[in-house]
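A structural walkthrough
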Amino acid sequence: MKISGNIVWREIDGEIFIIDSINERIHELNETASLIFRLINKNKKIPEIVDIILDKYEIDRKTCENDLKYLLSEFIKRGIISEN
């Protein structure tokens, strides 16, 4: 996974704002989605992201994996990340 070359992003007060000039959209990520976005930007793999989320939040592994899978599919669908 990697951040799409079609977007520009900025971090403001711990949250990520993504500007998609092609689709003329602005996305504001919440705290958890911002963390995941930063980890993707650092080339972390899915198992590493899951472990980091589990260390930070009180959530079971299965829920974490399912929620992460859903978020990543949304990121891909919206052109925020690519699968490589």
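Residues numbered from 1 in each chain as written. Predicted model: local features only at pLDDT ≥ 70, side-chain atom pairs only at ≥ 80, totals over all residues. Heavy atoms only, no water.

Within the secondary structure, Asn6 sits in the loop between strand S1 (2-3) and strand S2 (7-12). Not counting residues up to four positions away in its chain, the partners in contact with Asn6 are Ile19, Asp20, Ser21 and Ile22. (Helix = DSSP H or I, 4+ residues; strand = E, 2+ residues; numbered from the N terminus. Contact = heavy atoms within 4.5 Å.)

With 100% of its residues at a pLDDT of at least 70, the protein chain reaches an overall mean of 93. Per-element confidence in the protein chain ranges from a low mean pLDDT of 90 for strand S5 (residues 81-82) to a high of 97 for helix H2 (residues 46-56). (pLDDT = per-residue confidence, 0-100.)

All right, on to the packing of helix H1 (residues 31-41) against H2 then. Packing of H1 against H2 leaves a shortest axis separation of 11 Å and a crossing angle of 145°. Taken as a pair, H1 and H2 cross one another with a handedness that is right-handed. Contact residues: Glu31, Leu35, Ile36, Leu39 and Ile40 in H1; Ile49, Ile52, Ile53 and Lys56 in H2. (Axes fitted to C-alpha atoms, helices over the stretch in contact; angles between N-to-C directions. Left-handed = near helix turned anticlockwise from the far one by under 90°.)

Following both chains from N to C, one finds H2 and helix H3 (residues 61-77) inclined at 125°, their axes separated by 10 Å at the closest point. Taken together, the axes of H2 and H3 are oblique relative to one another. In this structure, the crossing between H2 and H3 has a hand that is right-handed. Across from Ile46, Ile49, Val50, Asp51, Ile53 and Leu54 in H2, the residues of H3 making contact are Arg61, Cys64, Glu65, Leu68 and Leu72. Of the residues assigned to the contact of H2 with H3, the class counts are 8 nonpolar, no polar and 3 charged. (Parallel < 35°, antiparallel > 145°, perpendicular 65-115°, else oblique. Nonpolar A, V, L, I, M, F, W, Y, C, P; charged D, E, K, R; others polar.)

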